[in-house]
Amino acid sequence: MTRNPTAFLKDTYNELVDNNWDWRPKTLEGPSTPRCMVEGKEVIMFCSNNYLNLSNHPRLIKAAQDAAGKYGAGSGSVRPIAGTMDIHLEVEKAVAEFKGTEDCLIYQTGFATNAGLVPQLVGKGDIVISDALNHGSIIDGVRLTKADRGIYAHKDMGELEKVLKDADPKYNRIMVVSDGVFSMDGDVAPMPEILKLAQEYGAMTYVDDAHGEGVLGKGAGIGKHFGIEGKIDVEMGTFSKAFGVVGGLAAGSTDLRNFALNKSRTWLLSGSHPPAVAAAQLEAVRVLQEEPEHNRRLWENTEYFIKEMGSMGFDTGFTETPIVPAMTGPSDLAVKLSEGLWNEGIYALPIVFPMVARDAARIRNMMNAGHTREDLDEAIAAYEKVGKHLGII
Ligand SMILES: *Cc1c(COP(=O)(O)O)cnc(C)c1O
């Protein structure tokens, strides 16, 4: 036996480093605020998903502290055995009410929701039909099923109908799954059209609203946004983005909740949220309902930034939401733009192949309700300076 069983660890890593494909996460030295300390430097944060700045909201912080004092640091168990506390149920009730669905089930994360629920909804003899640009956690959920797979070109309803028509007589269950807001381009799935086609062909609908919750529909998500709340079979979401905490959710019917909590292995076999997390989630839902100004400011900032970037000559792609790309084309240009912005005190990350197509590299700017007009103007001035220097504008 001459094999070195762990040589691949270093070899793989070195190959990533040689190609500049390795992650080198920067470290925050304090809270994730719109202006924050990152590796010894004060920067304006343009790449956090903390859309509404709720992670720093005094009510969420106090709720988390109080719950830790009252219930302890951990929940002690998985949800089905002894890890369901009254506050976990309160969150589910509040989310369902806010989103206009009959019921809701909270998972540990959004990833755990997709990975645990998708493979239970479809299996052998079924088909799951995906938008080509769906998030990796949906793709992993789909990989865990024994169901057949269909893919339609991004938001192409003609192609979706073709796949559905073909699938209808052949399969038992059919499920169409789509991101609500697409995380790289910031465009929105045509849910009413998807819903209509799905109804026509007897298919379930599953939307991943990770970037829509707290953002679309005055915070209630894509269902409310299109006036179709309660009609999508599964509205999946996360507490890790606009809600400012962590956790996943599946909102829908009580039948869905009963099914999901008995079948999802990620839910059954993994510990439940610490009480501080559940309490902060509950407070986030309340704040969203009682303080509409956070959502309003997020959209004001988004509109201003998109307008200013456009009039400077930047291509912001297909965005309709607070995810605002600054397209560069080639990857190396996106990397250089990001480095130039960093030197100007703007923390905005490049998105390059394989996350997007080779010629569609970009900086992905994430808007925040907590950005002041001065923050945005400073960022816009930095974009102008570096963009001109690099010949992008
Ligand atoms: C972030 C994200 C997830 C994962 O959510 P977590 O709660 O952070 O695990 C799932 N789907 C989409 C589209 C996302 O952007």
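Keep in mind that this is a model prediction, so the values were computed, not measured.

Caption draft 1: Spatial organisation of the side chain of Asn 50. Along the polypeptide, Asn 50 turns up in the loop between strand 2 (41–45) and helix 2 (58–71). Those residues within four positions of Asn 50 in sequence are excluded, and the remaining contacts are Ser 32, Ser 55, Asn 56, Lys 241, Gly 244 and Asn 368.

Caption draft 2: Region of interest: the site of the ligand. Neighbouring the ligand are 13 residues, the closest being Gly 110, Asp 208, Thr 238, Ser 240 and Lys 241. Compared with its free state, where it exposes 380 Å², the ligand has 86% of that area covered by protein. Partitioning the shell around the ligand into residue classes produces two nonpolar, eight polar and three charged.

Caption draft 3: Just the domain arrangement of the protein, in detail. Each assigned domain of the protein is listed with its residue range as follows: domain 1 (20–49 + 292–389) and domain 2 (57–290). Contact residues are listed per partner, giving 19 residues for domain 1 and 22 residues for domain 2. It is Asn 49, Asn 295 and Ile 323 in domain 1 that bury the most area against domain 2; as a group they hold 30% of the surface buried on that side. Counting across the domain 1 and domain 2 interface gives two salt bridges. Put simply, Arg 362 and Asp 185 hold a salt bridge, and the shortest N to O gap is 3.1 Å. For the interface between domain 1 and domain 2, the tally reads ten residue pairs in polar contact (both at pLDDT 80 or more). Broken down by secondary-structure element, the contributors of at least two residues to the side of domain 1 that touches domain 2 are helix 12 (293–312), strand 10 (323–329) and strand 13 (361–366). Considering only residue class, the side of domain 1 that touches domain 2 consists of eleven nonpolar, five polar and three charged.

Caption draft 4: Representation of helix 1 (residues 7–18). In this model helix 1 runs 17 Å from its N-terminal to its C-terminal C-alpha over twelve residues, within 8% of the 16 Å that 1.5 Å per residue would give. Positive phi appears at Asn 20, one or two residues downstream of helix 1, with a value of about 60 degrees.

Caption draft 5: Representation of the pattern of salt bridges within the structure. Enumeration according to the criterion identifies 24 salt bridges in this entry. For Asp 375, the salt bridge goes to Arg 35, with nearest N and O atoms at 2.8 Å. Here the residue Asp 375 occupies a position in helix 14 (residues 373–389), and Arg 35 occupies one in strand 1 (residues 35–38), the gap between them amounting to 340 residues. Note that Arg 59 and Glu 290 form a salt bridge whose closest N and O atoms lie 2.9 Å from each other.

Caption draft 6: Just the packing of aromatic side chains, in detail. Applying the stated criterion across every chain yields a total of five aromatic pairs. Taking 5.2 Å as the distance between ring centres and 80 degrees as the angle between the ring planes, the aromatic pair formed by Phe 314 and Tyr 383 counts as edge-to-face. Highlighted residues: Phe 314 in the loop between helix 12 and strand 10 and Tyr 383 in helix 14, separated in sequence by 69 residues. Each member of the pair, Phe 314 together with Tyr 383, is buried. Here Trp 342 and Tyr 347 contribute two aromatic rings whose centre-to-centre distance is 5.5 Å and whose plane-to-plane angle is 75 degrees, an arrangement assigned as edge-to-face. Summarising the burial analysis for this pair, Trp 342 and Tyr 347 share the class buried. Cluster of aromatic residues (ring-pair linked, three or more members): Phe 46, Phe 305, Phe 314 and Tyr 383. Residue placement shows Lys 26 over the ring face of Trp 342; its charged tip is 4.4 Å from the ring centre. Just above the ring of Phe 353 sits the side chain of Arg 358; from NZ or CZ to the centre is 3.8 Å.

Caption draft 7: Examining the packing of helix 4 (residues 110–121) against helix 9 (residues 254–263) more closely. Viewed as axis vectors pointing N to C, helix 4 and helix 9 meet at an angle of 110 degrees, and their least axial separation amounts to 10 Å. As summarised for this structure, helix 4 and helix 9 are arranged roughly perpendicular, according to the angle between their axes. Side by side, helix 4 and helix 9 meet where Leu 117, Gln 120 and Leu 121 of the first sit next to Leu 256, Phe 259, Ala 260 and Lys 263 of the second. Considered class by class, the residues forming the contact of helix 4 with helix 9 number five nonpolar, one polar and one charged.

Parameters and conventions
- Residues numbered from 1 in each chain as written.
- Predicted model: local features only at pLDDT ≥ 70, side-chain atom pairs only at ≥ 80, totals over all residues.
- Heavy atoms only, no water.
- Helix = DSSP H or I, 4+ residues; strand = E, 2+ residues; numbered from the N terminus.
- Contact = heavy atoms within 4.5 Å.
- Near = heavy atom within 4 Å.
- Areas by Shrake-Rupley, 256 points an atom, 1.4 Å probe, with all protein chains shown as cover.
- Nonpolar A, V, L, I, M, F, W, Y, C, P; charged D, E, K, R; others polar.
- Domains from an automatic or database assignment.
- Buried area = accessible area lost by both parts, 1.4 Å probe.
- Salt bridge = Lys/Arg side-chain N within 4 Å of Asp/Glu carboxyl O.
- Polar contact = N/O pair within 3.5 Å; in protein donor to acceptor, adjacent residues only side chain to side chain.
- Expected span 1.5 Å × (residues − 1).
- Phe/Tyr/Trp six-rings, centres within 6.5 Å; stacked < 30°, edge-to-face > 60°.
- Buried < 20%, exposed > 50% of the residue type's maximum accessible area, 1.4 Å probe, protein only.
- Lys NZ or Arg CZ within 6 Å of the ring centre and 35° of its normal.
- Axes fitted to C-alpha atoms, helices over the stretch in contact; angles between N-to-C directions.
- Parallel < 35°, antiparallel > 145°, perpendicular 65-115°, else oblique.

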